[in-house]
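Architecture at a glance
Residues per chain, in single letters:
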Amino acid sequence: MKISIFGLGYVGAVSAGCLAKNGNTVIGVDPSSSKVDLINEGRTPIIEKDIDTIISNAVEAGKLSATQDPKEAIAKTDISLICVGTPSMPNGSLNLSYVRNVCEEIGEALKEKASFHVVVIRSTMLPGTMLNVVIPTIEKASGMVAGEGFGICGNPEFLRESTAVFDFYNPPKTVIGESDTKSGDILSELYAGLDAPLIRTSIETAEMVKYTDNVWHALKVGFANEIGSICKSVGIDSHEVMKIFFQDTKLNISPYYMKPGFAFGGSCLPKDLRALTYKAKSMDVNVPILNSILPSNQIQVDRGFQAITSKGKKKIGVLGFSFKSGTDDLRESPIVEVIERLLGKGYDIKIFDNNVNIAKIVGANKDFILNAIPHISNLMVNTPEEIIEHSEVVVIGNGATEFKELIPKLSKEQTMIDLVRIVDEHPANTNYDGINW
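Bear in mind the structure is a predicted one, so any value in this text is a computation, not a measurement.

Definitions and limits used
- Residues numbered from 1 in each chain as written.
- Predicted model: local features only at pLDDT ≥ 70, side-chain atom pairs only at ≥ 80, totals over all residues.
- Heavy atoms only, no water.
- Pairing = 2+ DSSP bridges.
- Helix = DSSP H or I, 4+ residues; strand = E, 2+ residues; numbered from the N terminus.
- Axes fitted to C-alpha atoms, helices over the stretch in contact; angles between N-to-C directions.
- Contact = heavy atoms within 4.5 Å.
- Left-handed = near helix turned anticlockwise from the far one by under 90°.
- Nonpolar A, V, L, I, M, F, W, Y, C, P; charged D, E, K, R; others polar.
- Phe/Tyr/Trp six-rings, centres within 6.5 Å; stacked < 30°, edge-to-face > 60°.
- Buried < 20%, exposed > 50% of the residue type's maximum accessible area, 1.4 Å probe, protein only.
- Lys NZ or Arg CZ within 6 Å of the ring centre and 35° of its normal.
- Domains from an automatic or database assignment.
- Right-handed = clockwise from strand over helix to strand, strands pointing away.

Taken together, the 5 strands give an open sheet; going across it, the order is β10-β9-β11-β12-β13, and neighbouring strands pair in parallel fashion. Each edge of the sheet is formed by a strand with only one pairing partner; in this case those strands are β10 (348–352) and β13 (431–434). Looking at each pair of strands side by side, their axes are set apart by 20° on average, direction ignored. In the packing of helix α13 (residues 334–344) onto the sheet, the strands contacted are β9 (315–319), β10 and β11 (393–396), and the crossing angle to β10 comes to about 155°.

Now for the packing of helix α11 (residues 269–282) against helix α12 (residues 288–309). Running from N to C, α11 and α12 cross one another at 145°; their axes reach a closest spacing of 10 Å. Taken as a pair, α11 and α12 cross one another with a handedness that is left-handed. Along its contact with α11, which presents Pro270, Leu273, Arg274, Leu276 and Thr277, the element α12 presents Leu290, Asn291, Ile293 and Leu294. Classifying every residue of the contact of α11 with α12 by side-chain character gives 6 nonpolar, 2 polar and 1 charged.

Summed over all chains, the structure comprises 4 aromatic pairs. Ring geometry for Phe168 and Tyr169: centres 5.3 Å apart, planes at 80°, overall edge-to-face. Note on Phe168: relative accessible area 6%, which makes it buried. Note on Tyr169: relative accessible area 21%, which makes it partly exposed. A ring pair is formed by Phe223 and Phe245, whose centres lie 6.3 Å apart and whose planes are at 45°; its orientation type is tilted. Placement of Phe223 in helix α9 (residues 203–234) and of Phe245 in helix α10 (residues 238–246) is noted, with a sequence separation of 22 residues between them. The exposure class assigned to Phe223 is partly exposed, which follows from its relative accessible area of 29%. For Phe245, a relative accessible area of 26% corresponds to the partly exposed category. Put simply, the rings of Phe223, Phe245 and Phe246 touch in pairs and so form one group of aromatic residues. Here the basic side chain of Lys314 rests over the ring of Tyr347, its NZ or CZ set 4.1 Å away from the ring centre.

Okay, the pairing of strand β5 (residues 117–121) next. Most of β5 is tucked away, with 5 of its 5 residues classed as buried. The two faces of β5 match: His117, Val119 and Ile121 on one face and Val118 and Val120 on the other face are all buried. Relative to β5, strand β4 (residues 79–82) runs parallel, the two sharing 4 bridges. Following the sheet pairing, Ser80 is matched in β5 by Val119.

The next point concerns the domain arrangement of the protein. Looking at the assigned domains, one finds that the protein contains domain 1 (2–201) and domain 2 (298–434). A C-alpha centroid distance of 50 Å is found between domain 1 and domain 2.

At a minimum axis separation of 7 Å, helix α5 (residues 97–110) and helix α6 (residues 129–142) run at an interaxial angle of 35°. The way α5 lies across α6 gives a crossing that is right-handed. Mapping the contact onto sequence places Val99, Arg100, Cys103, Glu104, Gly107, Glu108 and Leu110 in α5 and Val133, Val134, Thr137, Ile138, Ala141 and Ser142 in α6.

Burial analysis of strand β7 (residues 174–178) places 5 of its 5 residues in the buried class, the great majority of the element. A two-sided burial pattern is seen for β7, the buried positions comprising Thr174, Ile176 and Glu178 on one face and Val175 and Gly177 on the other. Bridge analysis of strand β6 (residues 150–154) against β7 gives 2 bridges, and the strand direction is antiparallel. By the bridge assignment, Cys153 is partnered in β7 with Glu178. Looking at chain direction, β7 and strand β8 (residues 198–201) are connected through 4 bridges and run parallel. Its bridge partner being in β8, Gly177 is matched across the sheet by Thr201. Viewed along the sheet, the connection from β7 through helix α8 (residues 181–188) into β8 turns out right-handed.

Have a look at this one:
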């Protein structure tokens, strides 16, 4: 394939060398004459393991060259990868001037090209940038329409400095956000030989994936450091603790607990968070990440409450109010807090949970209901059909599978608020709302 790469910095140089090594014909484009000269001399403009040899061999084989002329590069290639920088502004926003400039140059060059050309963004940009900046800029400069005269894709990179060449050939995943199927098909050919999942999705999702990855990595570093700070203060080897922590790939290092939804609750997580952060405070150990977890969780409770009250209806039915499905445990159940707040505002509420039944449960859970929330026990009904019959707004409070079967029974006048994503698709003929989707 014939490829032009705009921006010969870190990502651009590695991408240019590796794609040329794969047999593609690559033209690097950069306004810096020194970078262009280095590439044309077979030398690398960056320091990175193995890239010097890769670039030297590619230039010698006639597979890699560089230019300062965008029009020349567009005319001689079928696909362009934008790899320019998006540095931070003083207020934390992104400086998109380099992206805009390149998009204008590409748009101007496309005016003189009759064949279909695919423009791929590898630069890291916030969700919405492709639709609000990149596409309009190229369309205005070229006079063409995205998806017709040219194609647009987002293709975030996952290269780590010092291991970038290895990462290029061994990615955890390849993500393509596409404006149209034709463009996605063309771009996917570049990665046909890689042993990694190929994920084709929307442009906005591809933009958000890169940020989700990087913020998660930053959070992991911060989390590990705060655990390490507590460990040091109590005389424990933090590396030994984390080594054991890693062994759990069912819960700790896994997709578990990573689905956006309602707040957590139960007898363990809130209690243990409070205990550990109290311990840290007692030793004057600052753990801002750990301290922020419970306040963040409370925000989800607030969002659930607001989702219900925003509908302007008074008759509310709640399906599931234990802190998760498959249990009768109501201790620190976030939906219980929502119900209590609704009661305080005068809402007419009925509740159903097959696992929570005063006649059946015993011990701590029964004592909690009778002593801590007796007013809520009076709202419980015996069948989910009573909830449907009563409610203007039906709230799915936990993920009990039986609740899926009730969705077709809702009328068009009723609203369903799903706090747990009990269904993946928007139910037909239903006023449906989710808390994080």
